[in-house]
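# Breakdown of the fold
Listed below, chain by chain, are the residues.
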Amino acid sequence: MAANGVNNIATTTSGTNAGGSVENDPLVLIPELSRLFYKNGWVTGTAGGISMRYQNQIYITPSSVQKERIKSTDLFIYNDNEEITYSPPLLKPSQCSPLFFLSHRFRNAGCCIHTHSQNAVLITLKYDKEFIVIDQEMIKGIIKGYDQPPQYYKNFEKLVIPIIDNHPEELDLKQPLYEAMEKYPETNAILVRRHGLFVWGPNWAKTKTMTECFDYLFEISLKMLALGIDPSIPVSNNSNK
Ligand SMILES: [Zn+2]
């Protein structure tokens, strides 16, 4: 119920959830990370979004809001049945919400981040169904699958990220996103052609780390391709070394 949600936010003296810690509180973290991602150029033009699951509730950025100005009271809150428990006045839920729910439901994600990073968009123009990179140090920042405790890729391992085609409405990505999750059980990210990236992980910090590593890997791969070096081939085997 919206009124309960309003009370939930308004009655906490510190602005954080009762019983929770500031470090993990989505009401604090989502506005903070939104500002950071805006500065990165990942969520300009009100694009992109963040979803966090915390204390059996899911917090999601609203639709069409300036990401660098988001406040804790702008966030939609859902229960684990994906029903709205707090709806900010005058704001609409993000069209990404059903996409975020997929990560929470089928990957047990604590956080899902969606960016419109230019590096992510550009890399989808260079590959068809999969982006492949190998033998890069930053691959070590990527979690393989969703077992607990998390298993990380080795730097020399091949990292594959599926690419799905874009659709006119964000909501129309739900089925292809789900199918890609099913087909690639090891992946914690999906690229959307000419659109952006979805990344999920067990908590906000690991998901933020992975998003930064993915973006780095996209950027360096674009630079390698411009130099005629194939990012999917180990450097020792690369003819242009
Ligand atoms: Zn988007």
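What this report covers is the structure whose coordinates are included nearby.

Criteria and thresholds
Every residue gets a number counted from 1 within its own chain, in the order that chain's sequence is written. Local features in a predicted model are, by the rule used here, given only for residues with pLDDT of at least 70; side-chain atom pairs are given and counted only at 80 or more, and totals for whole chains, interfaces and linings are based on all residues. To get the side-chain values, take all heavy atoms of the structure and skip hydrogens and water. Any nitrogen, oxygen or sulfur atom within 2.8 Å of a metal ion counts as a donor, with the limit raised to 3.2 Å for Na, K and Ca, and since water is left out, coordination shells can look unfinished. A site with four donors is called tetrahedral when every donor-metal-donor angle falls between 85 and 135 degrees; four donors are called square planar, and six octahedral, when opposite donors sit more than 155 degrees apart and all other angles fall between 65 and 115; any other arrangement is irregular. Buried means the residue's accessible area, taken with a 1.4 Å probe over protein chains only, is under 20% of the maximum for its type, while exposed means over 50%, and partly exposed covers the values in between. In this text, helices come from DSSP runs of H or I with a minimum length of four residues, and strands from runs of E with a minimum of two, each type numbered from the N-terminal end. In this tally, Asp and Glu contribute negative charge and Lys and Arg positive charge; neither His nor the terminal groups of the chain are included. Basic side-chain nitrogens of Lys or Arg form a salt bridge, by our definition, when they fall within 4 Å of a carboxyl oxygen of Asp or Glu. Here a polar contact is recorded for every N or O atom pair within 3.5 Å, except that within protein the pair must consist of a potential hydrogen donor and a potential acceptor, and residues adjacent in sequence are included only if both atoms are side-chain atoms. Note on contacts: a residue pair is in contact if any heavy atoms of the two residues lie within 4.5 Å. Under this scheme, a helix contributes an axis fitted over its contacting stretch, all axes are lines through C-alpha atoms, and angles between N-to-C directions fall in the 0 to 180 degree range. Working definition: roughly parallel below 35 degrees, roughly antiparallel above 145 degrees, roughly perpendicular at 65 to 115 degrees, and oblique for all remaining angles. Helix crossings fall into two classes, left-handed where the near helix is turned counterclockwise from the far one by less than a right angle and right-handed where it is turned clockwise. Residues are grouped as follows: Ala, Val, Leu, Ile, Met, Phe, Trp, Tyr, Cys and Pro are nonpolar; Asp, Glu, Lys and Arg are charged; every other residue, Gly included, is polar. We treat two strands as partners when DSSP finds at least two bridges between them. Space inside and on the surface of the protein is sampled on a 1 Å grid over the protein atoms alone, with a cavity defined as a set of points where a 1.4 Å probe fits but cannot get out and a pocket as an open set with protein on both sides within 12 Å along at least 5 of 7 lines; lining residues have an atom within 4 Å of a point. Grid points are joined across faces, edges and corners, and a volume is the space filled by probe spheres set on the points. Where each domain starts and ends follows an automatic or database-derived domain assignment.

## Examining the coordination of the zinc ion
Note on the zinc ion: its protein donors are His114 (NE2), His116 (NE2), Glu170 (OE) and His195 (NE2). The metal-donor distances range over 2.0 to 2.1 Å. Classification of the site at the zinc ion rests on its 4 donor atoms, whose angles at the metal span 86 to 172 degrees, yielding the label irregular. Mapping the donors of the zinc ion onto the primary sequence yields the spacing H-x1-H-x53-E-x24-H. On the basis of relative accessible area, His116 is assigned to the partly exposed category, the value being 27%.

## Some words on the side chain of Asp215
With respect to the helices and strands, Asp215 occurs in helix α6 (residues 204-226). Comment: no salt bridge for buried Asp215; closest opposite-charge side chain is Lys223, at 9.8 Å. Reaching out from Asp215, the side chain makes a polar contact with the side chain of Ser117 at a distance of 2.5 Å. In contact with Asp215, other than residues within four places in its own chain, are Trp42, Ser117, Asn119 and Ala120.

## A look at the packing of helix α3 (residues 97-106) against helix α5 (residues 174-183)
Taken N-terminus to C-terminus, the directions of α3 and α5 make an angle of 25 degrees; their axes are 9 Å apart at the nearest point. Of the possible angle classes, the one that applies to α3 and α5 is roughly parallel. As for how α3 packs across α5, the hand of that crossing is right-handed. Contact residues: Pro98, Leu99, Leu102, Ser103 and Phe106 in α3; Lys174, Leu177, Tyr178 and Met181 in α5. Taken together, the residues of the contact of α3 with α5 break down into 7 nonpolar, 1 polar and 1 charged.

## Digging into the pairing of strand β11 (residues 196-201)
Every regular strand shows the same layout, with side chains that alternate between the two sheet faces. Most of β11 sits out of view: 6 of its 6 residues are buried. Neither face of β11 is open: one carries Gly196, Phe198 and Trp200, the other Leu197, Val199 and Gly201, and all of them are buried. Pairing analysis gives 4 bridges linking strand β10 (residues 189-192) to β11, with the strands arranged antiparallel. Following the sheet pairing, Val192 is matched in β11 by Gly196. What sits between β10 and β11 in their antiparallel hairpin is a turn of 3 residues, with Arg194 showing a positive phi close to 55 degrees.

## Some points on the pattern of salt bridges
Side chains carrying opposite charge are able to pair once their charged atoms draw close together. As enumerated under the stated definition, the model contains 9 salt bridges in all. Residues Asp128 and Arg193 are paired through a salt bridge, measuring 3.7 Å at the closest nitrogen-oxygen approach. You can see Asp128 sitting in the loop between α4 (118-126) and β6 (130-134) and its partner Arg193 sitting in the loop between β10 and β11, a full 65 residues away along the chain. Using a relative accessible area of 15% as the deciding quantity, one classes Arg193 as buried. Through salt bridges with shared partners, a single ionic network connects Asp128, Asp165 and Arg193.

## Quick notes on the layout of surface pockets
When its volume is computed, the largest pocket comes out at roughly 200 Å³. Grouping the amino acids of the lining of the largest pocket by side-chain chemistry returns 3 nonpolar, 9 polar and 2 charged. In this structure, the lining of the largest pocket is formed jointly by two domains, domain 1 (1-94) and domain 2 (108-241), each of which donates at least three residues. Of the voids in this model, the second largest pocket is the one considered here, and its volume is about 160 Å³. Along its surface, the second largest pocket is lined by Lys129, Pro162, Ile163, Ile164, Asp165, Pro176, Glu179, Ala180, Lys183, Tyr184 and Arg193. With 4 residues, α5 is the single largest residue contributor to the lining of the second largest pocket.

## What about unusual backbone geometry?
Following Gln148, the chain continues into Pro149 via a peptide bond in cis, with omega recorded as -5 degrees. Of note, Pro149 is situated in the loop between β7 (143-144) and β8 (151-152). A positive phi angle, close to 65 degrees, is found at Thr46, a residue other than glycine. Positionally, Thr46 belongs in the loop between α2 (26-39) and β1 (49-54). Overall, the relative accessible area of 25% leaves Thr46 in the partly exposed class. Positioned with a positive phi, Ser64 is a non-glycine residue whose angle comes to about 55 degrees. Position of Ser64 relative to the elements: it lies in the loop between β2 (57-60) and β3 (76-79).

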